[in-house]
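Spelled out from the first residue to the last, the chains are:
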Amino acid sequence: MGQRLEQAIKRYHDIQEKNLLGGGIQHIERQHNRGKLTARERIDVLIDPGTFEELGSCVGTTGMRMDGREALAPCDGAVVGTALANQRPIMIYAPDFTVLGGSTAIQHLLKFAKVLEMAARWGIPMVNLLDSSGGRLGHTDVAPAGVDWQFKLQSLYSGVIPQITVLMGPCIAGGAYLPTLCDFLLMSRISANMWLGGPRQTQAATSEVFDKNVGGADYHMQFSGSADTVGEDDEETIKQCRKLLRYLPQNFREAPPEWESSDDPLRKTPALNDLVPDNFDETYDMHAVIEQLADKGEYLEIKDEYAKSLVTCFCRLDGQPVGIVASNPKYPGGMTINACDKYYRFLQALDAYNIPLINLVDTPPVVPGEAEEKLGLNRHTGKILDVYATTTVPKISVVLREAYADAGSMVMGGVKSMGADLTYAWPIARFAVEASTANYCELYGKGIEEDAYEVYLNRSREKVDVFEVGHTWTAQMVDEIILPEDTRRKLIKALSLARNKHEKLPDRAKNHTAPPV
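Predicted model only: the values in this text are computed from it and were never measured. (Residues numbered from 1 in each chain as written. Predicted model: local features only at pLDDT ≥ 70, side-chain atom pairs only at ≥ 80, totals over all residues. Heavy atoms only, no water.)

### Description of the overall build of the chain
From N to C terminus, the chain includes 19 helices and 20 strands. Within the chain, the proportion of its 517 residues that are buried is 51%. A separation threshold of at least 6 residues defines the contact pool for the chain, and within that pool the share at least 24 residues apart is 74%. Element-wise, carbon and sulfur atoms account for 53% of the exposed surface of the chain, whose accessible area totals about 24300 Å². (Helix = DSSP H or I, 4+ residues; strand = E, 2+ residues; numbered from the N terminus. Buried < 20%, exposed > 50% of the residue type's maximum accessible area, 1.4 Å probe, protein only. Contact = heavy atoms within 4.5 Å. Areas by Shrake-Rupley, 256 points an atom, 1.4 Å probe, with all protein chains shown as cover.)

Encoded structure:
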């Protein structure tokens, strides 16, 4: 070995040793004392052991502060590279909070942008293990150069490869757009916070002082609907990401991955006869139904604490990933504005990544009222109609008990002409235009024409039994009446039949519609 090569190898090893220490032992201990893992520890939780291949490890800067002092930044605070998760390749971006608070500057942002481009070119998912204080303020190497490029690339590759952010630290101002532009956002309860204007910025700008819980994981799960799942800490949240990746394809060209199932595809579900009451006024929890249908009762719920009248989740049927959208009679409200947002976002992801949709229907219609109307209820339900009609993945619906008006019939797949491939109904199912049982004559008094009550007002609330539907509306509404205990088997068969479905939308200059949003 020549002297030059020997010196170069020694230099390489010195850099790698410094990289492993990040910002130093003191900052690593501080990270651990906050209940957080370091960037490299997080990567180890996410990936199959020993598969991480770092990129840009020698991109380290000696940042210059505004006061002239130097600030060492190994990897420029960004650990990036490829690895295997569930034996499939992924790309990883992990800001190192021990290095200048994981702050972003030019080299840092270029590393992110380059690996995102690589991931899109190679057709592999992009996972962001995010823990960053934002732009590297107070340094000559400032952040804005590159942020615009980052956001543009995220938008261009949306729906091309899965983009997932696991948020385990602060995420403020412009940095908050990174997780927002991803397909899925997973947040750690003990450490994640996300604001466009953080507490200090907001107080300085408007004098408003808000609670420290605003912007936390539970806040974004329950109120803003930005979070898709919440874990107790870094490790649990990252493991949720591993689980999520098992349901997603590598890119938009592939089918979702099928895993060998030990659950009998012919298994009957007689428990559904008792889980779902035949008294329409009794409620029940739709989660219990999903447990009966899914392989081994396992599913991954998305936005479980947001718009709880609607359940959105991934599960497998005979090993094939599917997305379930189900009304949940346990919680009142029907198809609210928040439920529309939840449904719309989930269905967009299913369609982008070729994952079949299954609707489990037992719902009242959209519930009117001044509060919801003021916020644009009609506009939000309209965008559900748009996304459902233009979604080209297999769409299968099962009406368990009730399908009323827009929420039960059109946007949940109860009306065949909206694009459902197969619509099944249980023997107790019934259909109607509206759910109300009030006496309109008593409500409106004598101002109603005598024949209006019978001809329109009363008829609109008439509940049509599924067997009547079978006699008169079969072509438009129901393909077959099925027994509750056969539901799992019927769904698996339907998925098999629709596996090679090919539906092409009308040619247009742009590859998207213009829905009411």
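And the narrative resumes.
### Overview of unusual backbone geometry
A positive phi angle is found at Leu-100, which is not glycine, with a value near 50 degrees. You can see Leu-100 is positioned in the loop between strand E5 (88-95) and helix H4 (106-122). Note on Leu-100: relative accessible area 25%, which makes it partly exposed. Non-glycine residue Asp-318 carries a positive phi angle of around 55 degrees. In this structure, Asp-318 sits in the loop between strand E13 (310-317) and strand E14 (320-327).

### Considerations on the pattern of salt bridges
What the rule picks out here adds up to 23 salt bridges. In this structure, Asp-14 and Lys-10 form a salt bridge, with 3.2 Å as the shortest nitrogen-oxygen distance. You can see Asp-14 and its partner Lys-10 sitting in helix H1 (residues 3-21), 4 residues apart, about one turn around the helix. Relative accessible area serves as the criterion here: at 30%, Asp-14 is assigned to the partly exposed category. (Salt bridge = Lys/Arg side-chain N within 4 Å of Asp/Glu carboxyl O.)

### Here's the deal with the packing of helix H3 (residues 39-46) against helix H9 (residues 234-245)
One can describe the packing of H3 onto H9 by two numbers: an axis separation of 9 Å at closest approach and a directional angle of 40 degrees. The orientation of H3 with respect to H9, classified from their angle, is oblique. Pair H3 / H9 crosses with right-handed handedness. Residues Arg-42, Val-45 and Leu-46 of H3 pack against Asp-234, Glu-235, Ile-238, Lys-239, Cys-241, Arg-242 and Leu-245 of H9. (Axes fitted to C-alpha atoms, helices over the stretch in contact; angles between N-to-C directions. Parallel < 35°, antiparallel > 145°, perpendicular 65-115°, else oblique. Left-handed = near helix turned anticlockwise from the far one by under 90°.)

### Let's talk about the packing of aromatic side chains
For the coordinates displayed, the defined rule picks out 6 aromatic pairs. Measuring from ring centre to ring centre gives 5.5 Å for Tyr-219 and Phe-223, while their planes differ by 50 degrees; the resulting arrangement is tilted. In this structure Phe-223 comes out as exposed when scored by relative accessible area, which is 54%. Through a chain of ring-to-ring contacts, the aromatic side chains of Phe-184, Tyr-247, Phe-314 and Phe-346 assemble into a single cluster. The ring of Trp-259 has Arg-246 sitting right over it, with the charged end atom 3.9 Å from the ring centre. (Phe/Tyr/Trp six-rings, centres within 6.5 Å; stacked < 30°, edge-to-face > 60°. Lys NZ or Arg CZ within 6 Å of the ring centre and 35° of its normal.)

### Some points on empty space enclosed by the protein
Per the counting criterion, the structure on display carries 1 cavity of 30 Å³ or more. Size it by volume and the largest cavity reaches roughly 60 Å³. In terms of lining, the largest cavity is formed by Asp-183, Phe-184, Asp-228, Ile-302, Lys-303, Thr-312, Lys-342, Arg-345, Phe-346 and Ala-349. The element that contributes the greatest number of residues to the lining of the largest cavity is helix H12 (residues 337-352), accounting for 4 residues. (1 Å grid on protein atoms, 1.4 Å probe; cavity = no way out; pocket = protein on both sides within 12 Å on 5 of 7 lines; lining within 4 Å. Points joined across faces, edges and corners; volume = space filled by probe spheres on them.)

### Here's the deal with the pairing of strand E15 (residues 357-363)
Extensive coverage of E15 is indicated by the burial of 7 of its 7 residues. By the bridge criterion, 4 bridges tie E14 to E15 in an arrangement that is parallel. Looking at the pairing, Ala-326 lines up with Leu-360 of E15. Handedness of the crossover is the feature at issue here: the chain leaves E14, passes through H12, returns alongside E15, and the resulting connection is right-handed. In this structure, E15 lies alongside strand E16 (residues 395-404), joined through 6 bridges in parallel fashion. Looking at the pairing, Ile-358 lines up with Ile-396 of E16. (Pairing = 2+ DSSP bridges. Right-handed = clockwise from strand over helix to strand, strands pointing away.)

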